[in-house]
Amino acid sequence: MTHPMSTPHPLELACRLCAGTLAVVLGTLTGCGRAPQSAPEPAAAQPSTNLSSPTSSTAPKGMVWIPLGSFIMGSDNGTPDERPAHTVEMHGFWMDQTEVTNEEFARFVEATKYVTLAERPPDPSQFPDAPPENLVPGAGVFSPAPDIESLENHLAWWRWQPGANWKHPEGPGSNFAGRERHPVVHVCWDDAQAYAKWAGKRLPTEAEWEYAARGGQRGQPYVWGNDAPNPSHANIWQGHFPKINTAADGWRATAPVATYPPNGFGLFDMAGNVWEWCADWYRPDTYANSAVQDPKGPSTSYDPQEPLTAKRVMRGGSYLCSDVYCSGYRPSARMKSSPDTGLAHTGFRCVKDP
Ligand SMILES: [Ca+2]
Ligand SMILES: [Ca+2]
């Protein structure tokens, strides 16, 4: 871990816990591939009905049953790390219908007194050269400069905000009042893990997430089908990214969960709103050697863009994904981030075994 604090560049400050990681994450999470797909992918098998699946009367609160079945994971039309498209077979599982909300996360914090990573001061021993005034808790918030002309420097629309965390999404003076049913943000993978454990659930594998996101549809490029993205589909970005957000879908940032139509399995916001942590380590070549039955991802992480930093997978895109720049809301799109990184457009949902 290199020391990011001696040079008080906001993005370097943002990388205090994982030098370089956030720089990659911040950018790639908003520019994650530029190849929105219009052609249908190869037909996937319809999930078959699990005759032994639990009934709705046994459903954990707020969860839906994702039946066993098989599907085509990945896409041969997407970015290289989505290839090759391959058949995967899945057991059934319960999944949260929505992203975990602020009010749900608040109940967890109330019960456990948990303190998220963004609320903790950086460990001075890890940053021995840092001025003490820089060793403060905080997180990255979306803040594009008005004069941005190029999309090449994807770090230009993020700002390190001291004091930003899940309770204060925009920093000191902000709170989530009125946003109780919005997804919690600024939670890192470790925070999400802690919540899942408390709730008696777990984070989904990448395969579970994609299988669930596809909602039983046959090889469609989007969770809603094959139509080009429009404001009725999901909370994503409309306008000229990153300077003009028309919010034609009604929301400039996070939206209340379940604002948009559910997918075929009854899951909301599997495209857009916030990115969602998965359990798996990230590798770009995961699918080269992936198991057919319930794959759980590689045993180690490797990101060629930042080879020294281990990363977990994130899925689904966010309110910052634009159809002209980013296509992270495709069900096959993959993203990655270090487990200690929480951001303004990153949340999670949980799954549970029967
Ligand atoms: Ca929006
Ligand atoms: Ca989402």
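Residues numbered from 1 in each chain as written. Chains lettered and ligands numbered in written order. Predicted model: local features only at pLDDT ≥ 70, side-chain atom pairs only at ≥ 80, totals over all residues.

**Q** Got a minute to help me understand the overall build of the protein chain in this structure?
**A** Summing up its helical and strand segments, the protein chain has five helices and eleven strands in all. Within the protein chain, the fraction of its 354 residues that count as buried is 52%. Of the contacts made within the protein chain by residues no fewer than 6 positions apart, 73% connect residues no fewer than 24 positions apart. (Helix = DSSP H or I, 4+ residues; strand = E, 2+ residues; numbered from the N terminus. Buried ≥ 20, exposed ≤ 12 C-beta atoms within 10 Å, placed from the backbone. Contact = placed C-beta atoms within 7 Å.)

**Q** Where do I start with the nonpolar core in this structure?
**A** Generally speaking, a soluble globular protein has its nonpolar side chains buried in company with each other. Ranked by size, the top nonpolar core spans 72 residues in total, and within it Met95, Ala192, Leu203 and Ala212 carry the most contacts. Leave out the neighbours within four places in its chain, and Ala212 touches Ile66, Met95, Phe265, Leu267 and Met270. (Core = buried A, V, L, I, M, F, W, Y, C linked by C-beta atoms within 7 Å.)

**Q** In this structure, what is going on with the sheet that holds strand E11 (residues 351-352)? I would like to understand it.
**A** Across a sheet, strands are paired by hydrogen bonds formed along the backbone, either parallel or antiparallel in direction. The strand order across the open sheet built from three strands is E1-E4-E11, with neighbouring strands paired in antiparallel fashion. The two strands at the open ends of the sheet, each matched to only one other strand, are strand E1 (63-66) and E11. With four bridges connecting them, E1 and strand E4 (residues 93-96) associate as antiparallel partners. Directly across from Trp65, in E4, lies its bridge partner Trp94. (Pairing = 2+ DSSP bridges.)

**Q** Please clarify how the pairing of strand E6 (residues 158-162) should be interpreted in this entry.
**A** In summary, the side chains of a regular strand alternate between the two faces of the sheet. Among the five residues that make up E6, four are buried, leaving the element largely enclosed by the rest of the structure. Strand direction decides the pairing type here: strand E5 (residues 138-142) and E6, joined by five bridges, are antiparallel. Each bridged residue has a counterpart across the sheet, and for Gly138 the counterpart in E6 is Pro162.

**Q** Could you clarify how one ought to interpret the sheet that holds strand E9 (residues 334-337) in this entry?
**A** Sheet architecture is open: four strands sit in the order E9-E8-E7-E10, paired in mixed fashion. The sheet is open, and its two borders are formed by E9 and strand E10 (346-347), each paired with just one other strand. In the sheet, strand E8 (residues 312-315) pairs with E9 via four bridges, with the strands oriented antiparallel. Pairing of Arg315 across the sheet is with Arg334, part of E9.

**Q** Help me understand the confidence of the model for the protein chain in this model?
**A** Low pLDDT marks regions whose predicted coordinates should not be analysed in detail. Per-residue pLDDT for the protein chain has a mean of 85; in total, 84% of the residues score no lower than 70. Contacts of residues 1-51 to residues separated by more than four positions or lying in other chains number 140 contacts, the stretch itself having pLDDT below 50. (pLDDT = per-residue confidence, 0-100.)

**Q** Any chance you could explain the pairing of E8 here in plain terms?
**A** Burial along E8 is two-sided: the face carrying Arg312 and Met314 and the face carrying Val313 and Arg315 are both buried. Inspection of the sheet shows strand E7 (residues 275-281) paired to E8 by three bridges, in the antiparallel sense. Note that in E8 the partner of Trp277 across the bridge is Met314.

**Q** Can you walk me through unusual backbone geometry in this structure?
**A** With the exception of glycine, the majority of residues adopt a negative phi angle, and the majority of peptide bonds are in the trans configuration. Looking along the chain, the bond that leaves Arg83 and enters Pro84 is cis, with omega of -5 degrees. For Pro84, the position within the fold is in the loop between strand E2 (69-73) and strand E3 (86-90). The phi angle at Ala247 is positive, at roughly 50 degrees, despite the residue not being glycine. Of note, Ala247 is situated in the loop between helix H5 (206-214) and E7. Overall, the presence of 16 C-beta atoms within 10 Å leaves Ala247 in the partly exposed class. Positive phi is not limited to glycine here, since Asp269 has a value of about 60 degrees. Residue position: Asp269 is located in the loop between H5 and E7.

**Q** Mind showing me how you'd approach H5 here?
**A** For H5, a buried count of nine out of nine residues is recorded, marking the element as mostly surrounded by other parts of the structure. Within H5 the residues assigned to the buried category are Glu206, Ala207, Glu208, Trp209, Glu210, Tyr211, Ala212, Ala213 and Arg214. Backbone geometry just downstream of H5 places Gly215 in the positive-phi region, at approximately 60 degrees.

**Q** What is the right way to look at the environment of Asp303 in this model?
**A** Mapped onto the fold, Asp303 is located in the loop between E7 and E8. Taking the number of C-beta atoms within 10 Å as the measure of exposure, Asp303 has 21 and is therefore buried. Considered as a pair, Asp303 and Ser337 are 34 residues apart in the sequence and their alpha carbons are 9.5 Å apart.

**Q** It is not clear to me how helix H3 (residues 102-112) should be interpreted in this structure. Could you clarify?
**A** Residues lying three or four places apart along an α-helix face the same way, a consequence of the helix completing one turn every 3.6 residues. What H3 keeps buried is the set Asn102, Glu104 and Phe105. Around the axis of H3, the buried residues are gathered within 165 degrees of arc, so they sit on the same side. Opposite the buried face of H3, at more than 90 degrees from it, the exposed residues are Glu110 and Ala111. Buried residues along H3 sit in contact with helix H4 (189-198). After H3 finishes, the residue Lys113 shows a positive phi value of roughly 60 degrees. (Arc of directions from axis to C-beta.)

**Q** What's the story with the environment of Pro354 in this structure? I'm lost.
**A** Tracing the backbone shows Pro354 in the segment after E11. On a C-alpha basis, the gap between Pro354 and Gly92 in space is 7.8 Å, while along the polypeptide they are 262 residues apart. Setting aside residues no more than four positions away along its own chain, Pro354 makes contact with Pro54, Gly92, Phe93 and Trp94.

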